[in-house]
Protein chains: 2
Amino acid sequence: MNTDGTHSTGDGRDRRPRVVIVGAGFGGLHAARTLADYPVDVLILNRTNYHGFWPLLYQVATAGLEPESIAYPVRAIVRRHPNVDFRLTEVTGIDFQRRRVLTAGEAIPYDGLILAAGSTTNYFGNQDLEVHTFGMKDMDEAEALRNQALLRFEEAVGTADARRRRALMTFVIVGGGPTGVELAGAFAELFSHVLRRDYPSLDVADARVVVVEAGDTVLATFPPKLRDSAAKRLAKLGVEVRLHTAVDRVDGQQVVFRDGSRLEAGTVIWAAGVKAAELADHLGLPQARAGRVPVTPELHLPDRPEVFVIGDMAYLEGPDGKGYPMVAQVAMQQGVQAAKNLMASWSGTPMKPFSYFDKGNMATIGRRAAVFDAFGVQATGLIAWLGWLFIHLIYLVGFRNRMLVLLNWAYNYFTYDRGVRIISSTRNPHVAQAACAPGEERQSRVG
Amino acid sequence: MNTDGTHSTGDGRDRRPRVVIVGAGFGGLHAARTLADYPVDVLILNRTNYHGFWPLLYQVATAGLEPESIAYPVRAIVRRHPNVDFRLTEVTGIDFQRRRVLTAGEAIPYDGLILAAGSTTNYFGNQDLEVHTFGMKDMDEAEALRNQALLRFEEAVGTADARRRRALMTFVIVGGGPTGVELAGAFAELFSHVLRRDYPSLDVADARVVVVEAGDTVLATFPPKLRDSAAKRLAKLGVEVRLHTAVDRVDGQQVVFRDGSRLEAGTVIWAAGVKAAELADHLGLPQARAGRVPVTPELHLPDRPEVFVIGDMAYLEGPDGKGYPMVAQVAMQQGVQAAKNLMASWSGTPMKPFSYFDKGNMATIGRRAAVFDAFGVQATGLIAWLGWLFIHLIYLVGFRNRMLVLLNWAYNYFTYDRGVRIISSTRNPHVAQAACAPGEERQSRVG
């Protein structure tokens, strides 16, 4: 780069340097916002045209929110900043040597690069899991799960065999982390408040939500007091929690545990592992645990100060010697730091190592209950729940989305209802088949 | 039936007679609500689990409303009436002799039957139209069209060839009825208000909306004064209207008109014909124009007083000698009349012939403009638009849906924005392919 902030191009004209950001999640957007104040051109590449607010994804999966209410068009963010642009595309690899981002179409040149493609479900190479369980990592998966849950109840209505009917109404969630726990609470309430009224001919006692956790507690990252509170709350909602229980295999009819016991279940949700986005496997770089790409404390690749990797994709150890957790907070803070470090290196000032300020954790477990361990405050119950509501609304992008979510929450809260219990057939090819014939055995994702 | 309102069954037990209603549209639901007050068991069969409020479908297609805001779960309606039940199933035919509804699964016996399966797009047997144009008859089609429109703009950004870029941004709507006109107005506003800001690198003058109508006017069913008002309003929005223009063929790149002229267009919407739902073709009954099933003035099949056909599926001539129009009002009123006539025949009182009370017509053409010819009032402009808003909110089922729609309308109105411009990839298999590679020629529905 030249000293005046421009780059020389082959044709002799000077132009502003271009920073390409791969991914429009929490990390990518925070990087873009930071770069908006610098004399650079920013191009965000993403494979959807929206930013997904994943902390509320479990509410989409349980018919509490429309998918659109937690999706915000990237262009609506981008258009506020004249130097930030967007391109809808799937990145297939990077040519680090020639400084180009490879896509299914054109190759896009960059001067600086920030990789923030996020994470995907980790099935640990188990094909059966991938085929027979539902993931909870993007909009399509959440909507597929919503369709599946509602369809299983529709099928149960037309099923005379009591054992088969119970299996259709059994939902197993593998993984007792925040995703598993929030999903379990929301499903339990969907079944007891809403589906009880929708399906008077079914015995709602047959509807089971089972959380399976290999470790010795749910919400392992929370303080012991809050874990106990969450466990009690789950029990009160009728959720069965099986600790010290590892899944051996899933075959579409049942879950077989490592101790040999079995559970017939029409729906199995895999919330027991995430790994770096597939792009991390196509970079030709070393990979740490869960496929994450090791970076320097300044967040760039060891030998490439112009290429940063942040968020779930990046592997960096904190002061405790463990890798930073794959959570939104880390991604947001790294997005800002990576952008600043890139700008620092171009202006000849030293980069700063990443330092994480952990604001804390929180998780809801149904109506008026949550565990809250953030900003130095520990709380449970109603207070924690209100704190959770408030913080999620604050972080949710966009006035309209906030209003929609608030309206839905108010509606759900006061009516004990869920308005979004719509089976949107074509969104899930499995559903389109299955919707036709209650009472008949048919081919579908599970069962 | 026995005189006490029960039916005798083969095993000697008496039971309440069962009325099966096929379809949860305006007709089917009005029939169900009427029957809820009688000592009968009502079973509604529908191939989706929701009632779609189709008068607002064009707003889903133009990113103004979430699909879920115009979909209302049938079970939420049904659960208010203890004698009404619902089954999610696709009806494949009727065994009139044995009085059974045939589905992909079980055969469902009935004592009385009301067929209200509605209508579908009429391509008049033209395969090319079916493959290369978008329909506007259900949620999936509207959502596919929304995805398509947004994707075409994303593609245009990455397209260097000016002619190709203009083609990508050209939207042809075939049919100048209410659907075509409302869609054209909403697209024109989406392009000029929203996409102009989202795609600053595109010349919005390249974005064309062309309405093609074979007849000599748009909105042919409206009084001449209102037609003129609508035409002027469309012109003001920049919509091109081509009258006396018939489409000869569509091949995915262009529309060829019968006079030999051509128009390169990335998206063609077919709003030029509807016909009775496919079920009407599988009944073994005579069919009138557009596949509709002729019924007696009392709305039942000529030789089967226990089988009624209503709404878009039914053919009955009004006092003017023409078939009743395929609109929601006719379906609703026929639903009530069919239910009453079935009950009358079972209690031995005479059926009444259907008599239609035409409340009128209305259509919006963008912001603060509509044509309104209803309840004896003719109006245009702001007054008509407010009337349109009010009546659509009143008829929209469910408090939550009303609130969501109102909130979206307020947001769209005051911000000139459309929040729902989300490309939901998996809902449309064509989109999932196309989303990957801007700037590259690829296989998709049109183009």
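Asker: Even after reading the chapter, I still don't get the overall build of chain A, so can you show me in this structure?
Answerer: The helix and strand tally for chain A stands at twelve helices and 27 strands. In terms of C-alpha radius of gyration, chain A reaches 23 Å, essentially the compact-globule figure of 22 Å for 447 residues. Across its three principal directions, the C-alpha atoms of chain A cover 80 × 45 × 45 Å. Every one of the 447 residues in chain A was classed for burial, and the buried ones make up 58%. Summarising the internal contacts of chain A: among those between residues at least 6 apart in sequence, 64% fall at separations of at least 24. Put simply, chain A shows about 17800 Å² of open surface, and 52% of that area lies on carbon and sulfur atoms.

Asker: What should I look at first to understand the packing of helix 11 (residues 399-415) of chain A against helix 11 (residues 399-415) of chain B in this one?
Answerer: A pair of packed helices is captured by two measures, namely the crossing angle of their axes and the spacing between those axes. The interhelical angle for the contact between helix 11 of chain A and helix 11 of chain B, taken along N-to-C directions, is 165°, at an axis separation of 11 Å. In terms of axis orientation, helix 11 of chain A runs roughly antiparallel to helix 11 of chain B. Judged by the sense of rotation from one axis to the other, the crossing of helix 11 of chain A with helix 11 of chain B is right-handed. Two secondary-structure elements touch here, helix 11 of chain A through Phe-399, Arg-400, Met-403, Leu-404, Leu-407, Asn-408 and Tyr-411 of chain A and helix 11 of chain B through Phe-399, Arg-400, Met-403, Leu-404, Leu-407, Asn-408 and Tyr-411 of chain B. Grouping the constituent residues of the contact of helix 11 of chain A with helix 11 of chain B by class yields ten nonpolar, two polar and two charged.

Asker: Would you take a moment to explain helix 11 of chain B for this structure?
Answerer: Three or four residues apart is the spacing at which side chains of an α-helix point the same way, because the helix has 3.6 residues per turn. Between its first and last C-alpha atoms helix 11 of chain B spans 24 Å; for 17 residues at 1.5 Å apiece the expected length is 24 Å, and the two agree. Among all positions of helix 11 of chain B, only Arg-400, Asn-401, Leu-404, Val-405, Leu-407, Asn-408, Trp-409, Tyr-411 and Asn-412 of chain B are buried. Those residues of helix 11 of chain B that are buried are in contact with helix 11 of chain A together with helix 2 (57-61), strand 6 (71-73) and helix 10 (381-395) of chain B. Tyr-416 of chain B lies just past helix 11 of chain B and shows a positive phi near 55°.

Asker: What exactly am I supposed to notice about the interface of chain B and chain A here?
Answerer: In many reports, interface size means the accessible area that the parts give up when they come together. Across the boundary between the two partners, chain B contributes 50 residues, which contact 50 residues of chain A. Counting each side, the surface lost to burial between chain B and chain A is near 4900 Å², with a carbon and sulfur contribution of 53%. Taken together, chain B and chain A are joined by six salt bridges. For Asp-198 of chain B, the salt bridge identified is with Arg-79 of chain A, shortest N-O distance 2.9 Å.

Asker: What is the right way to look at the relation of the copies chain B and chain A in this model?
Answerer: Superposition of the two copies of the chain requires a rotation about an axis together with a shift along that axis. When chain B is fitted onto chain A, the two copies agree to an RMSD of 0.0 Å after a turn of 180° and an axial shift of 0.0 Å. Viewed as a symmetry operation, the transformation between the two copies matches a two-fold axis. Take the interface residues of chain B: 100% of them recur as interface residues in chain A, which is what a same-surface contact looks like.

Asker: Looking at this model, I keep getting lost on the confidence of the model for chain A. Mind explaining?
Answerer: A low pLDDT score tells you not to read the predicted coordinates there in detail. All names here are of chain A. Per-residue confidence for chain A averages 88 on the pLDDT scale, and 91% of its residues sit at or above 70. When the criterion is pLDDT under 50, residues 426-447 qualifies, and its contacts beyond four places in sequence or with other chains add up to 65 contacts. Complex prediction metrics read pTM 0.89 and ipTM 0.87.

Asker: I tried to follow the packing of aromatic side chains on my own but got confused; where do I start?
Answerer: Two aromatic rings, taken as a pair, are described by how far apart their centres are and by the angle between their planes. Residues and elements named next belong to chain B. A full pass over the atoms with the stated rule returns 23 aromatic pairs over all chains. Ring geometry for Tyr-324 versus Phe-354: centroids 5.2 Å apart, planes at 85°, classification edge-to-face. Taken together, the positions of Tyr-324 in the loop between strand 24 (314-315) and helix 9 (328-346) and Phe-354 in the loop between helix 9 and strand 25 (360-364) put the pair 30 residues apart, joining distant regions of the chain. Across this residue pair, the class does not change: Tyr-324 and Phe-354 are buried.

Asker: I tried to follow the pattern of salt bridges on my own but got confused; where do I start?
Answerer: Side-chain pairing between opposite charges can occur once the charged atoms of the two side chains come close. Within the structure shown, the criterion is met by 28 salt bridges over all chains. A salt bridge links Arg-99 of chain A to Glu-306 of chain A; the shortest N-O distance between them is 3.4 Å. Of this pair, Arg-99 of chain A sits in the loop between strand 8 (91-95) and strand 9 (100-103) while Glu-306 of chain A is found in strand 23 (residues 304-309), placing the two residues 207 residues apart along the sequence. When its relative accessible area of 36% is taken as the criterion, Arg-99 of chain A is described as partly exposed. Take Glu-306 of chain A: its relative accessible area is 7%, and that puts it in the buried class. Connected via shared salt-bridge partners are Glu-68 of chain A together with Glu-143 and Arg-146 of chain B.

Asker: What exactly am I supposed to notice about helix 1 (residues 26-35) of chain B here?
Answerer: Where burial is concerned, most of helix 1 of chain B is hidden: eight out of the ten residues are buried. When we look at burial in helix 1 of chain B, the residues that qualify are Phe-26, Gly-27, Gly-28, Leu-29, Ala-31, Ala-32, Thr-34 and Leu-35 of chain B.

Asker: Looking at this structure, how should I read the environment of Gly-185 of chain B?
Answerer: All names here are of chain B. Note on placement: Gly-185 falls in helix 7 (residues 178-198). Separated by 54 residues in sequence, Gly-185 and Val-239 have C-alpha atoms that sit 7.4 Å apart. Once residues lying within four places of it in the same chain are set aside, the contact partners of Gly-185 are Leu-234, Leu-237, Ile-365 and Gly-366.

Asker: Teacher, can you tell me more about the sheet that holds strand 10 (residues 107-109) of chain B here?
Answerer: Sheet strands line up and pair through hydrogen bonds in the backbone, either parallel or antiparallel. Residues and elements named next belong to chain B. Ordered in space as 8-9-10, the three strands form an open sheet in which the pairing is antiparallel. Both edges of this open sheet fall to strand 8 (91-95) and strand 10, since each of them pairs with a single strand only. The average angle at which neighbouring strand axes cross in this sheet is 25°, direction not considered. Of the strand pairs in this sheet, strand 8 and strand 9 (residues 100-103) are connected by four bridges, and their pairing is antiparallel. What sits directly across from Val-91, in strand 9, is Thr-103.

Asker: For this particular structure, what's the right way to read the sheet that holds strand 13 (residues 170-174) of chain B?
Answerer: Residues and elements named next belong to chain B. Spatially, the four strands line up as an open sheet ordered 15-14-13-19, and their pairing is parallel. Looking at the sheet topology across the chains shown, the edges are occupied by strand 15 (240-242) and strand 19 (267-270). Each strand of the sheet is rotated relative to its neighbour by a mean of 20°, with strand direction disregarded. The pairing of strand 13 with strand 19 spans four bridges and is parallel.

Asker: What's the story with a nonpolar patch on the surface in this structure? I'm lost.
Answerer: The grouping of Phe-390, Ile-394 and Tyr-395 of chain A at the surface amounts to a nonpolar patch, some 310 Å² of accessible area in total. Its place among the elements puts Ile-394 of chain A in helix 10 (residues 381-395).

Asker: Mind showing me how you'd approach the nonpolar core here?
Answerer: Side chains of nonpolar character tend, in soluble globular proteins, to be buried together. Core analysis: the biggest nonpolar cluster contains 132 residues, and Ile-44, Leu-113 and Leu-115 of chain A together with Phe-187 of chain B have the highest contact counts within it. Core analysis: the next-biggest nonpolar cluster, separate from the first, contains 131 residues, Tyr-50 and Phe-372 of chain A together with Val-309 and Met-343 of chain B among them.

Asker: What's the story with the environment of Glu-143 of chain A in this structure? I'm lost.
Answerer: Residue and element names in this part refer to chain A. Take Glu-143: it is sitting in helix 5 (residues 139-157). On the basis of relative accessible area, Glu-143 is assigned to the buried category, the value being 3%. Counting along the chain gives 105 residues from Glu-143 to Asp-248, while the straight-line C-alpha distance between them is 27 Å.

Asker: Would you take a moment to explain the side chain of His-392 of chain B for this structure?
Answerer: All names here are of chain B. Within the secondary structure layout, His-392 lies in helix 10. His-392 gets classed as buried once you look at its relative accessible area, which sits at 10%. In contact with His-392, other than residues within four places in its own chain, are Phe-53, Pro-55, Leu-56, Met-362 and Trp-409.

Asker: I'm lost on the environment of Phe-222 of chain B in this one. Help?
Answerer: All names here are of chain B. Here Phe-222 shows up in the loop between strand 14 (208-212) and helix 8 (224-236). On a C-alpha basis, the gap between Phe-222 and Ala-369 in space is 15 Å, while along the polypeptide they are 147 residues apart. Those residues in contact with Phe-222, other than ones at most four positions away along the chain, are Pro-178, Arg-227, Asn-361, Met-362, Ala-363, Val-371 and Asp-373.

Asker: It is not clear to me how the packing of helix 1 of chain B against helix 9 of chain B should be interpreted in this structure. Could you clarify?
Answerer: Residues and elements named next belong to chain B. Interhelical geometry of helix 1 versus helix 9 gives an angle of 35° and a closest axis separation of 7 Å. When you trace helix 1 past helix 9, the crossing you get is right-handed. Only Ala-328, Ala-331, Met-332, Gly-335, Val-336, Ala-339, Lys-340 and Met-343 of helix 9 make contact with helix 1, whose side of the interface consists of Phe-26, Gly-27, His-30, Ala-31, Thr-34 and Leu-35. Here the contact of helix 1 with helix 9 is built from residues that sort into nine nonpolar, four polar and one charged.

Asker: Teacher, can you tell me more about the pairing of strand 23 (residues 304-309) of chain B here?
Answerer: Side-chain direction in a regular strand flips from residue to residue, so the side chains alternate between the two faces of the sheet. Residue and element names in this part refer to chain B. For strand 23, the tally of buried residues reaches five of six residues, placing the bulk of the element in the interior. As paired elements, strand 11 (residues 112-115) and strand 23 share three bridges and run parallel to each other. Among the inter-strand pairings, Leu-115 is bridged to a residue of strand 23, identified as Val-309. As paired elements, strand 22 (residues 300-301) and strand 23 share two bridges and run antiparallel to each other. Within strand 23, the position partnered with Leu-301 by the bridge is Arg-304. Hairpin connection from strand 22 to strand 23: two residues lie between these consecutive antiparallel strands.

Rules and cut-offs
Residues numbered from 1 in each chain as written. Chains lettered and ligands numbered in written order. Predicted model: local features only at pLDDT ≥ 70, side-chain atom pairs only at ≥ 80, totals over all residues. Heavy atoms only, no water. Helix = DSSP H or I, 4+ residues; strand = E, 2+ residues; numbered from the N terminus. Rg over C-alpha atoms; globule rule 2.2 N^0.38 Å. Buried < 20%, exposed > 50% of the residue type's maximum accessible area, 1.4 Å probe, protein only. Contact = heavy atoms within 4.5 Å. Areas by Shrake-Rupley, 256 points an atom, 1.4 Å probe, with all protein chains shown as cover. Axes fitted to C-alpha atoms, helices over the stretch in contact; angles between N-to-C directions. Parallel < 35°, antiparallel > 145°, perpendicular 65-115°, else oblique. Left-handed = near helix turned anticlockwise from the far one by under 90°. Nonpolar A, V, L, I, M, F, W, Y, C, P; charged D, E, K, R; others polar. Expected span 1.5 Å × (residues − 1). Buried area = accessible area lost by both parts, 1.4 Å probe. Salt bridge = Lys/Arg side-chain N within 4 Å of Asp/Glu carboxyl O. Least-squares fit on C-alpha atoms with pLDDT ≥ 70 in both. pLDDT = per-residue confidence, 0-100. Phe/Tyr/Trp six-rings, centres within 6.5 Å; stacked < 30°, edge-to-face > 60°. Pairing = 2+ DSSP bridges. Patch = residues over 30% accessible without salt bridge, like charges linked within 9 Å, V, L, I, M, F, W, Y side chains within 5 Å. Core = buried A, V, L, I, M, F, W, Y, C linked by side-chain atoms within 4.5 Å.

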